[in-house]
Amino acid sequence: MGTTLAEKLWADHLVRKGEDGAPDLIYIDLHMCHEVTSPQAFEGLRLAGRQVRRPDLTIATEDHNTPTLDIDKPIADLTSRTQVDTLRNNAKEFGIRIHSLGDADQGIVHVVGPQLGLTMPGMTVVCGDSHTSTHGAFGSLAFGIGTSEVEHVLATQTLPLKPFKTMAINVDGELPEGSTAKDIILAIIAKIGTGGGQGYVLEYRGEAIRKLSMEARMTICNMSIEAGARAGMIAPDETTFEYVKGRPHAPEGADWDAAVDYWRTLTTDDDAVFDTEVTLNAADLEPFVTWGTNPGQGLPLSATVPNPAEIADADEREAAANAIKYMGLTPGQPLRDLAIDTVFLGSCTNGRIEDLRAAAEIIQGRTKAPHTRMLVVPGSARVRLQAEQEGLDKVFIEFGAEWRNAGCSMCLGMNPDQLKPEERSASTSNRNFEGRQGKGGRTHLVSPLVAAATAIRGTLSSPADLADADVLVGAGA
Amino acid sequence: MEKFTTHTGIGVPLRRSNVDTDQIIPAVYLKRVTRTGFEDALFAAWRGDESFILNQDEYKAGSVLVAGPDFGTGSSREHAVWALKDYGFKVVLASRFADIFRGNSGKQGLVTGIVSQENIELIWKLLETEPGKEITVSLEDRTVTVGELTVPFEIDDYVRWRLMEGLDDIGLTLQNEADITAFEATRDAWRPKTLPAKTDEKFVVEAARPAQ
C-alpha cells in the first residue's frame, strides 16, 4: 500500500520512533516566533540554563500586538510595548534573527516566512500560532504549537508527536467567477464542522485546488485549524516551485535541482488510503459568509439567517440560538440585508498582495458606502511596499479606506484596531468568535471580493450585486 | 511538574459546546510575559454576567470543569491552560477537545479526560441538582466518580504516564540528544537557514525605528 503526502513528510523527519506508546520524535526545519506566545518559553530556557539549539532555523517577527498607525513612535500601550521589547531582548540574548516594527520584513509571521522563501515544500514548520497551517500550502507539514512546545523546539529542534490521522478533501470542478479560495474553505468548514478535522492532517486535492495560485492555497491551508485540523497541506507542483524560485532563501544552482527532484516525489501515492475522505464540487460554490460565532456557522451569501428551531441536533441548536443572540440577528433575515459598520481587509488568511489586488480591482472608481468604515492592513511591510509600488494604496485611500501598516491588527484586536460593542464587521480574517475583534463585536467572515463589494454597498454583498449598488449609492442610500 | 494520581473537587457544569480559546481567555490578556497570574482572565467576557456558572457561590471554588463538545478550539494560546490552572482547575472533562488545547494541557499538568456526551449529560444533571457537589477523577483508574455514578474517561496512555510521573518533556527528549545530532548530519543541503539573513533587495526601506 502506498503512503500519503503527510506520511512521507513524517517519515522524512523521524528522529526516533516512539516505543511502547511513546510519541515519535520529529525534527523541525523551521521555527517561527512572535511576541505573544514566546516570552514564557524563553523564560523557561533561562530558568533551566538551556540554549536555543538552532538559532539558524529560527526566526522572529512582531505582529500580534503591533500598532498599524504611528509605527515610528514608541508603542502607546505599555503592556504591548513590554511584550514586544521582551521579544527583542530575547532575540538578542539567544541570537535569533528578528524583524522588528519598521523593518521591511516585519509582518504577520505566516506572510513573512513564504515571502522570504523560508517556507518551501517538504519541510516541517512550527510556530506558537494555530494558523501555522498556512505553510502547508507548499507541501509542508506545518502546525501550530503551544508555548511549552515552543520552549521544547527552542531547546531541542524537535517535538514528541503522535502521528496524525489523514483526511483527503477533494475539491473537484471549476470555481465559478466571483467565488474564491476563501469560499472553498468556508464551505469545507461548514460541511465538516469545527471539530470535523480533529486529530487529522487535511490534504486538499482535486482539480479546483490545482488551479489555485500559491496565495489562494495559503488561504485554504490557513483555515484548516478552523475545522479543528492540526494541519492542512497541498502537494507541491509547478505553481509551488515557480513561487519559491528566486526568493531570498530559495536554494540555488545544484541545491535547487536537488530540492526540486525531491519535491516532485512529494505526492500521495495513487494506492494510498486516507483515514477519511470528503468531496466537494467547486462549481456549486457561491460566495460564502458566516452568520454565527464559530467558523463552521457559514452559509452562501444568498441564504437567510437559520432558524434554530429547525436544527435537529440539540447542541447545534443551542449553539445557533446563542450565536444569533450574540450577533443581533433574526432567523429568516437575508444575509444580504445585513448592514456592515466595518470592513476589515487583512490577516494571515487574506492579507497578501493578491488579496489586496483583488479588492482594489472591485473598488476602483466606485464609492464607499458612507456609514461603512474600511480598514486595509497589509499582511507584511513588504506587501504594503509592493502595493504602494503598484499604486493600490491610492485606490484604497481615494475610495475612503484607511491604509495601514502591517500586522495582525483587527483579526484579533490585540492592538488598538478593535470593534466596539455591537459593531458589525465583514472581515477577511479567520475567526468570528465572540469578542474576537473587540468586546461585543460581531464578525462575519468573508472573502476579499465580498469585503470590497460590502464596503461599496454597505451591506453584505458580492461583486455580482454591484450593478444595484451603484444605483443605491447614487440615490444617496 | 507535580505528579497527578487522583483529584477530588467541586464539579462545574459548563453547558456550552465549542468553547474556544478566545472565550477561555480573550486576546487582550495575552500581553503578559509571565506564566502565572491569569486567574482573573479566565472566561473574562462571561464573568461579567451574574448568571454565569462561576459567579454562583456554589461553583466558585470549582476544580473540575465539565464542558460541552469541542472544548478549546481556535488559537494555540497556552494561556488558556494557564488561566484554567491559575483559577484552580485541575481537570477538564468533555466529549471532544481541540488538539492543540489538549496537547498544551498535557504539558502543563491539566488533565483533559474524554467522557462520552451521554455521560457528560448525566454528570451535568448531578452537578446541577446538587450545586457544589464533588467529583473524583482518578487518573490511575481512568474514572470519574460523582456520588453513585462512576464513568470511564479516555486519555492518551503516554500523556497519562507522564502526568502520573510528573515528567518534563524537554528533559525526556534530551535523553535522546545523540539521535537528534545524528539526524542533523543527514539533513539535505537545500533546507533553508534563517542565518545569515537574506532579504529581498527590490525594496530598500529604512527602519522607521531601529531595533533596540
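These numbers come from a predicted model, not from an experiment.

Draft legend 1. Up close: the overall build of chain B. The helix and strand tally for chain B stands at eight helices and seven strands. In summary, chain B has a C-alpha radius of gyration of 21 Å against a globular reference of 17 Å for 212 residues, an excess of more than 25%. Summarising its shape, the C-alpha atoms of chain B cover approximately 65 × 45 × 25 Å along the three principal directions. Evaluated residue by residue, chain B yields a buried proportion of 54% over its 212 residues. When the accessible surface of chain B is summed, it comes to about 9,200 Å², and 48% of that surface belongs to carbon and sulfur atoms. Charged side chains in chain B number 25 positive and 34 negative. The centres of these two groups are separated by 5 Å.

Draft legend 2. Structural view of the overall build of chain A. Each helix and strand counted, chain A has 17 helices and 19 strands in total. Expected size for 477 residues packed as a compact globule is a radius of gyration near 23 Å; at 22 Å, chain A falls within 12% of this value. Summarising its shape, the C-alpha atoms of chain A cover approximately 65 × 55 × 45 Å along the three principal directions. Taking the contacts inside chain A whose residues are at least 6 apart along the sequence as the reference set, 75% of them involve residues at least 24 apart. Charge separation in chain A, taken as the distance between the mean sites of 43 positive and 65 negative side-chain charges, equals 4 Å.

Draft legend 3. Spatial organisation of the nonpolar core. Residues and elements named next belong to chain A. Membership of the largest hydrophobic core comes to 89 residues, with the highest contact counts inside it found for Leu141, Phe143, Leu154, Ile169, Ile188, Tyr204 and Trp263. Counting residues per element, this core draws most heavily on helix H6 (residues 181–192), at eight residues. Aside from chain neighbours lying at most four places away, what touches Leu141 is Leu9, Trp10, Met123, Thr124, Val125, Phe164, Val201, Ala231 and Met233. Among the nonpolar cores identified, the runner-up in size contains 83 residues, and Ala323, Ala360, Phe399 and Ala455 belong to it.

Draft legend 4. The arrangement of the packing of aromatic side chains in detail. Using the criterion set out here, one finds 19 aromatic pairs over all chains in the structure. Here Trp46 of chain B and Phe52 of chain B contribute two aromatic rings whose centre-to-centre distance is 5.6 Å and whose plane-to-plane angle is 50°, an arrangement assigned as tilted. Judged by relative accessible area, which is 8%, Trp46 of chain B ranks as buried. For the ring pair Tyr87 of chain B and Phe89 of chain B, a centre distance of 5.4 Å and an interplane angle of 20° mean the geometry is stacked. Among the aromatic residues, those joined into a ring-pair cluster are Phe241, Trp256, Tyr262 and Trp263 of chain A together with Trp190 of chain B.

Draft legend 5. How the structure looks around the interface of chain A and chain B. Taken together, the contact pairs 100 residues of chain A with 72 residues of chain B. The junction of chain A with chain B conceals about 7,100 Å² of combined surface from both sides, 54% of it contributed by carbon and sulfur atoms. On the chain A side of the contact with chain B, Gln40, Arg53 and Gln198 of chain A bury the most area, a combined 9% of that side's loss. Between the two partners, chain A and chain B, sit 46 residue pairs in polar contact (both at pLDDT 80 or more). When residues of the side of chain A that touches chain B are assigned to their parent elements, the largest contribution, seven residues, is made by helix H5 (residues 147–156) of chain A. Considering only residue class, the side of chain A that touches chain B consists of 39 nonpolar, 35 polar and 26 charged.

Draft legend 6. Spotlight on the packing of helix H3 (residues 79–87) of chain B against helix H4 (residues 99–108) of chain B. Residues and elements named next belong to chain B. Where H3 contacts H4, the two axes come as close as 9 Å, and the packing angle between them is 50°. Our classification of the angle between H3 and H4 gives oblique. Regarding H3 and H4, the two cross each other, and that crossing is right-handed. Every residue of H4 that contacts H3 at Ala80, Val81, Trp82, Leu84 and Lys85 is listed here: Phe101, Asn104, Ser105 and Gln108. Its residues placed into classes, the contact of H3 with H4 shows five nonpolar, three polar and one charged.

Draft legend 7. Inspection of H6 of chain A at higher detail. Residues and elements named next belong to chain A. Between its first and last C-alpha, H6 extends 17 Å over 12 residues, near the 16 Å set by a 1.5 Å rise per residue. The buried fraction of H6 is high, at 10 of 12 residues. The first or second residue beyond H6 is Gly193, which carries a positive phi of 90°.

Draft legend 8. Focus on the confidence of the model for chain B. Residues and elements named next belong to chain B. On average, chain B scores 93 in pLDDT, and the residues at 70 or more come to 95%. Low pLDDT (under 50) marks residues 207–212, which in the prediction has 13 contacts with non-local residues, meaning those over four places away or in another chain. The complex model carries a pTM of 0.93, and its ipTM stands at 0.93.

Draft legend 9. Looking closely at unusual backbone geometry. Cis geometry is found at the peptide bond from Leu195 of chain B to Pro196 of chain B, where omega equals -5°. Phi is positive for Asp20 of chain A, close to 55°, though the residue is something other than glycine. Tracing the sequence through the fold places Asp20 of chain A in the loop between strand S1 (14–16) and strand S2 (24–27). Residue Asp20 of chain A is classed as exposed on the basis of its relative accessible area of 82%. Even without being a glycine, Gln157 of chain A presents a positive backbone phi close to 60°. Examined against the element boundaries, Gln157 of chain A turns out to sit in the loop between H5 and strand S8 (158–161).

Draft legend 10. Molecular detail of the packing of helix H2 (residues 39–48) of chain A against helix H3 (residues 78–94) of chain A. All names here are of chain A. At a minimum axis separation of 10 Å, H2 and H3 run at an interaxial angle of 40°. By the angle between their axes, H2 is oblique relative to H3. Along this stretch, H2 crosses H3, giving a crossing that reads as left-handed. Residues Pro39, Phe42, Leu45 and Arg46 of H2 form the contact with H3, whose participating residues are Gln83, Thr86, Leu87, Asn90, Glu93 and Phe94. Broken down by class, the residue content of the contact of H2 with H3 amounts to five nonpolar, three polar and two charged.

Draft legend 11. Region of the structure containing the side chain of Ser75 of chain B. For Ser75 of chain B, the location among the structural elements is in the loop between strand S2 (64–67) and H3. A polar atom in the side chain of Ser75 of chain B sits 2.8 Å from the side chain of Arg77 of chain B.

Draft legend 12. Inspection of the side chain of Thr61 of chain A at higher detail. All names here are of chain A. Counting through the fold element by element, Thr61 comes out in strand S4 (residues 58–61). At a separation of 3.0 Å, a polar atom in the side chain of Thr61 contacts the main-chain carbonyl oxygen of Gly107. Among all residues touching Thr61, those that are not within four sequence positions of it are Cys33, His34, Glu35, Leu87, His99, Asp105, Gln106, Gly107 and Val109.

Draft legend 13. Quick look at H4 of chain B. With respect to burial, H4 of chain B is a largely interior element, eight of its 10 residues being buried. Phi for Gly109 of chain B, located one or two positions after H4 of chain B, is positive at around 80°.

Draft legend 14. Up close: the environment of Pro236 of chain A. Here Pro236 of chain A shows up in the loop between strand S11 (231–233) and helix H9 (238–244). The contact partners of Pro236 of chain A, leaving out residues within four places of it in the chain, are Pro121, Phe138, Gly139, Phe241, Trp263 and Leu266 of chain A.

Draft legend 15. Fine view of the sheet that holds strand S3 (residues 30–33) of chain A. All names here are of chain A. Strand order across the open sheet formed by five strands is S5-S4-S3-S6-S7, with parallel pairing between neighbours. In this open sheet, the two edge strands, each paired with only one partner strand, are strand S5 (97–99) and strand S7 (141–144). The mean inter-strand angle of the sheet, taken between neighbouring strand axes irrespective of direction, is 20°. Bridge count between S3 and S4: three bridges; the pairing is parallel. Bridging across to S4, His31 finds its partner in Thr58.

Rules used in this analysis
- Residues numbered from 1 in each chain as written.
- Chains lettered and ligands numbered in written order.
- Predicted model: local features only at pLDDT ≥ 70, side-chain atom pairs only at ≥ 80, totals over all residues.
- Heavy atoms only, no water.
- Helix = DSSP H or I, 4+ residues; strand = E, 2+ residues; numbered from the N terminus.
- Rg over C-alpha atoms; globule rule 2.2 N^0.38 Å.
- Buried < 20%, exposed > 50% of the residue type's maximum accessible area, 1.4 Å probe, protein only.
- Areas by Shrake-Rupley, 256 points an atom, 1.4 Å probe, with all protein chains shown as cover.
- Lys, Arg positive; Asp, Glu negative; His and termini not counted.
- Charge placed at Lys NZ, Arg CZ, Asp CG, Glu CD.
- Contact = heavy atoms within 4.5 Å.
- Core = buried A, V, L, I, M, F, W, Y, C linked by side-chain atoms within 4.5 Å.
- Phe/Tyr/Trp six-rings, centres within 6.5 Å; stacked < 30°, edge-to-face > 60°.
- Buried area = accessible area lost by both parts, 1.4 Å probe.
- Polar contact = N/O pair within 3.5 Å; in protein donor to acceptor, adjacent residues only side chain to side chain.
- Nonpolar A, V, L, I, M, F, W, Y, C, P; charged D, E, K, R; others polar.
- Axes fitted to C-alpha atoms, helices over the stretch in contact; angles between N-to-C directions.
- Parallel < 35°, antiparallel > 145°, perpendicular 65-115°, else oblique.
- Left-handed = near helix turned anticlockwise from the far one by under 90°.
- Expected span 1.5 Å × (residues − 1).
- pLDDT = per-residue confidence, 0-100.
- Pairing = 2+ DSSP bridges.

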